[in-house]
Structure formats: C-alpha cells, structure tokens
Amino acid sequence: MADNPAAAKLRLLIADDQPLIRRALALTLGTEPDVEVVGQAVDGVDAIEQALALVPDVIVMDLQMPGISGVVATREITARLPAVGIVVLTTFDTDNEIAQAIKSGAKGYLLKDAQREELLECIRKVHGGETCIAPAL
C-alpha cells in the first residue's frame, strides 16, 4: 500500500437528477476506504462540467436526466476524457437503452435495484479497465 492512502483512492463522481438518490449514493459509496466521492452532478450538463473540472476515475451516471441525458453526457465525457470510466445506474432495462449507453462509451450498466456490493464491484471493475453489465441484462 502507498505511503499516502488518500492518493490511492478511486475518485468518484455521481450524476443523478434526484437529490435523494445522489445523497444516498454519496453516503453509501463514500464510506468505502478506497473510494472518495469528489462531486455530485444534478444533470447531464453539470456532469460534463464537473467531469472536466474534477477528472474523476469513475462516474456513476443516471440515463434519464433533464436537459442533456446521461447518454449524451456519457458520449461527451468519454470523447473528451477517455480514461474516465462510466457506470450507468438506471431503472431502464430495455435493449435499446443498454445499447445506447454502451455505444456512448459506458463500461458498466446496472439497474437501481442492484445491491451495494454489486455496485461497488462494478465501479472497481470499470476503474480497472473491465466492463460490467448486470447478469440479468
């Protein structure tokens, strides 16, 4: 382990238009010793702006947000910051939504009913360069 444990932390940005979901994710995921929640974006435009400013390792992205959708934000972020991994966390489980998210650059896709450990595992896999799609999908 490094001399400075904080330097080894996975930097996470959460993008969801629902304040309760954002806060719950930040509180839940931020308690992990290897995760630092560096920002919370309220919509797609905010997600792009914060991603460019903060350059997180991974972004947990909702698909349906006002203004710019999670798909468009994902496409823009991955085009400008290809090293940033994006995990889509959504209620949408149709083939079309999944395909759009993956085509836009997302490396992970989970439903919002996923367990905490499943989400953490997916975030860590995406951070490590792997893909992660919920087995049910």
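A. Representation of unusual backbone geometry. For Val 55, which is not a glycine, the phi torsion comes out positive at approximately 45°. Summarising the element assignment, Val 55 is placed in the loop between helix 2 (44–54) and strand 3 (58–61). Under the relative-accessibility criterion, Val 55 is labelled partly exposed at 42%.

B. Up close: the nonpolar core. Counting 22 residues, the largest nonpolar core has Ala 15, Ile 59, Met 61, Ile 77 and Tyr 109 as its most contacted members. Residue assignment for this core shows that the elements contributing at least two residues are strand 1 (10–15), helix 2, strand 3, helix 3 (70–80), strand 4 (85–90), helix 4 (95–104) and strand 5 (108–111). If near-sequence neighbours (up to four positions away) are discounted, Ile 77 is found in contact with Ala 47, Ile 48, Ala 51, Ile 59, Met 61, Pro 82, Val 84 and Ile 86.

C. Layout of the layout of surface pockets. Here the largest pocket defines a volume of roughly 240 Å³. In this structure, the largest pocket is lined by Leu 20, Ile 21, Ala 24, Leu 25, Thr 28, Leu 29, Leu 89, Lys 112, Ala 114, Gln 115, Arg 116 and Leu 119. Looking at the lining of the largest pocket, the elements with two or more residues in it are helix 1 (19–29) and helix 5 (116–127). Of the residues forming the lining of the largest pocket, the biggest block, six residues, is contributed by helix 1. Tallied by class, residues from the lining of the largest pocket come to eight nonpolar, two polar and two charged.

D. Summary view of the environment of Thr 31. For Thr 31, the location among the structural elements is in the loop between helix 1 and strand 2 (35–41). Sequence separation between Thr 31 and Ile 133 is 102 residues, and the spatial gap between their C-alpha atoms is 24 Å. Polar side-chain contacts of Thr 31 include one of 3.4 Å to the side chain of Arg 116.

E. Quick look at the packing of helix 3 against helix 4. Contact geometry of helix 3 with helix 4 gives a least axis separation of 8 Å together with a crossing angle of 20°. Viewed along their axes, helix 3 and helix 4 adopt a mutual orientation that is roughly parallel. Remark: the crossing between helix 3 and helix 4 carries right-handed chirality. Packed against helix 3, whose contacting residues are Val 71, Thr 74, Arg 75 and Thr 78, the element helix 4 presents Gln 100, Ala 101 and Ser 104 at the interface. When its residues are assigned to classes, the contact of helix 3 with helix 4 shows two nonpolar, four polar and one charged.

F. Geometry of the pattern of salt bridges. All told, the structure shown has eight salt bridges when counted by the stated rule. With its nearest N and O atoms 2.8 Å apart, the salt bridge here joins Arg 116 to Glu 117. Of the residues examined, Arg 116 reaches a relative accessible area of 30% and is grouped as partly exposed. Residues participating in the shared-partner salt-bridge network are Glu 32, Asp 34, Arg 116, Glu 117 and Arg 124.

G. Region of the structure containing the side chain of Ser 104. Looking at the element boundaries, Ser 104 is found in helix 4. From its side chain, Ser 104 meets the backbone oxygen of Ala 101 in a polar contact 2.7 Å long. Every residue in contact with Ser 104, bar those within four places of it in the chain, is listed here: Val 71, Thr 74, Arg 75 and Thr 78.

Thresholds, definitions, all that
- Residues numbered from 1 in each chain as written.
- Predicted model: local features only at pLDDT ≥ 70, side-chain atom pairs only at ≥ 80, totals over all residues.
- Heavy atoms only, no water.
- Helix = DSSP H or I, 4+ residues; strand = E, 2+ residues; numbered from the N terminus.
- Buried < 20%, exposed > 50% of the residue type's maximum accessible area, 1.4 Å probe, protein only.
- Core = buried A, V, L, I, M, F, W, Y, C linked by side-chain atoms within 4.5 Å.
- Contact = heavy atoms within 4.5 Å.
- 1 Å grid on protein atoms, 1.4 Å probe; cavity = no way out; pocket = protein on both sides within 12 Å on 5 of 7 lines; lining within 4 Å.
- Points joined across faces, edges and corners; volume = space filled by probe spheres on them.
- Nonpolar A, V, L, I, M, F, W, Y, C, P; charged D, E, K, R; others polar.
- Polar contact = N/O pair within 3.5 Å; in protein donor to acceptor, adjacent residues only side chain to side chain.
- Axes fitted to C-alpha atoms, helices over the stretch in contact; angles between N-to-C directions.
- Parallel < 35°, antiparallel > 145°, perpendicular 65-115°, else oblique.
- Left-handed = near helix turned anticlockwise from the far one by under 90°.
- Salt bridge = Lys/Arg side-chain N within 4 Å of Asp/Glu carboxyl O.

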